[in-house]
Amino acid sequence: MFKKDLHRKFFWLVLFSIAMGYLESAVVIYIRWHYYPNGFDFPLVPIEKTIAITEFFREVATMIMLAAIGNLTGETKKQRFAFFVLSFAIWDIFYYVFLYVILGWPHSLMTFDVLFLIPVPWIAPVLCPVLISSLMICYSFIVIFGDRVVAQKGMLRVERLVMTIGCAIVLYSFMSDYVHFVSQHHADKGAWTLSQNKDLFSEAAGYVPKAFQWKIFIPGFVIMCGSIGMFFARVKRAVVRSESRDLKQVA
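Every value quoted in this text rests on a predicted model; they were computed, and no experiment measured them.

**Student:** Can you help me understand the packing of aromatic side chains in this one?
**Tutor:** What describes a pair of aromatic rings is the distance from one ring centre to the other and the angle between the planes of the rings. Under the counting rule described, the total for this entry stands at 25 aromatic pairs. Linked through ring pairs, Tyr-36, Phe-40, Phe-42, Trp-105, Tyr-178, Phe-181 and Tyr-207 together constitute an aromatic cluster. The ring of Phe-40 has Arg-32 lying over it, and the distance from NZ or CZ to the ring centre is 4.3 Å. Over the ring of Trp-105 we find Arg-32; its NZ or CZ atom is 4.1 Å from the centre of that ring.

**Student:** Sorry, what's going on with the pattern of salt bridges here?
**Tutor:** Should their charged atoms come close, side chains of opposite charge can pair. Evaluated as defined, the whole model comprises five salt bridges. Of the charged contacts, one joins Lys-9 and Glu-75 as a salt bridge, the two residues approaching to 3.1 Å between their closest N and O atoms. One end of the pair, Lys-9, is in helix H1 (residues 2–35); the other, Glu-75, is in the loop between helix H2 (49–73) and helix H3 (77–103), and 66 residues separate them in sequence. Asp-113 serves as the salt-bridge partner of Arg-32, at 3.2 Å between the closest nitrogen and oxygen. Separated by 81 residues along the polypeptide, Arg-32 in helix H1 and Asp-113 in strand S1 (residues 112–116) bring together distant segments of the chain. Judged by relative accessible area, Arg-32 falls into the buried class, the value being 9%. For Asp-113, a relative accessible area of 2% puts it in the buried group. A network of salt bridges, in which partner residues are shared, links Glu-24, Glu-55 and Arg-58.

**Student:** Teacher, can you tell me more about the environment of Pro-129 here?
**Tutor:** Summarising the element assignment, Pro-129 is placed in helix H4 (residues 127–146). Note on Pro-129: relative accessible area 8%, which makes it buried.

**Student:** Help me understand the pairing of strand S2 (residues 122–125), please; the structure alone is not making it clear to me.
**Tutor:** In summary, the side chains of a regular strand alternate between the two faces of the sheet. Along S2, one buried face is formed by Trp-122 and Ala-124 and the opposite face, lined by Ile-123 and Pro-125, is buried too. Across four bridges, the pairing between S1 and S2 is antiparallel. What sits directly across from Phe-116, in S2, is Trp-122. Hairpin connection of S1 to S2: five residues between the antiparallel strands.

Reading guide: rules and limits
Residues numbered from 1 in each chain as written. Predicted model: local features only at pLDDT ≥ 70, side-chain atom pairs only at ≥ 80, totals over all residues. Heavy atoms only, no water. Phe/Tyr/Trp six-rings, centres within 6.5 Å; stacked < 30°, edge-to-face > 60°. Lys NZ or Arg CZ within 6 Å of the ring centre and 35° of its normal. Salt bridge = Lys/Arg side-chain N within 4 Å of Asp/Glu carboxyl O. Helix = DSSP H or I, 4+ residues; strand = E, 2+ residues; numbered from the N terminus. Buried < 20%, exposed > 50% of the residue type's maximum accessible area, 1.4 Å probe, protein only. Pairing = 2+ DSSP bridges.

Written out as structure tokens, the structure is:
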């Protein structure tokens, strides 16, 4: 019964996440149709404050919706977080899938995109969020399906610490180039915030990302992979011990 119920929840969460990916891509298509009629490309076009604030809170609302489906699906704290992470990853991947199907964009996995706006714009090749989403799916599967066999408490403190360090490095690689450009060329304006009475991206006039900080991203991503690897190895050992005990009891 537990297995059947888990698969049913998994199916509906995946379906919801794919639908969210389509909804997200539809909104972005409308925005790009208005601001980038000839197709999206850098430099970024300033966006009116009202639209910018609406877009900012749309991203917040998206996170709330993904967190909500995770909380409604999971039965324990670690399951709820794992389902949230899984939903986030599937949503993010299918967002790009639908953009490619409808617009033929991104042209490749190395195409630069604005990933997020909080607290400042995140700029990176599309490959980066796809890699991270894939890692998030791995983490979710370890928790969700590993939990069927053996009860485990989720990540240990050291595993969470390693993951936090990796995430911080990766986020720095996303935001550093944009922040550096603004500080060098438009220091008087500063990065856009909700409290400022100016258009979004008005401080980024002339900003065109040419080279991504791979030397920062790759170590951060490897550290994140190391955290997931430590977690997986520990859960696998626990599963093997549990199965061994079950075989002994049957014998």
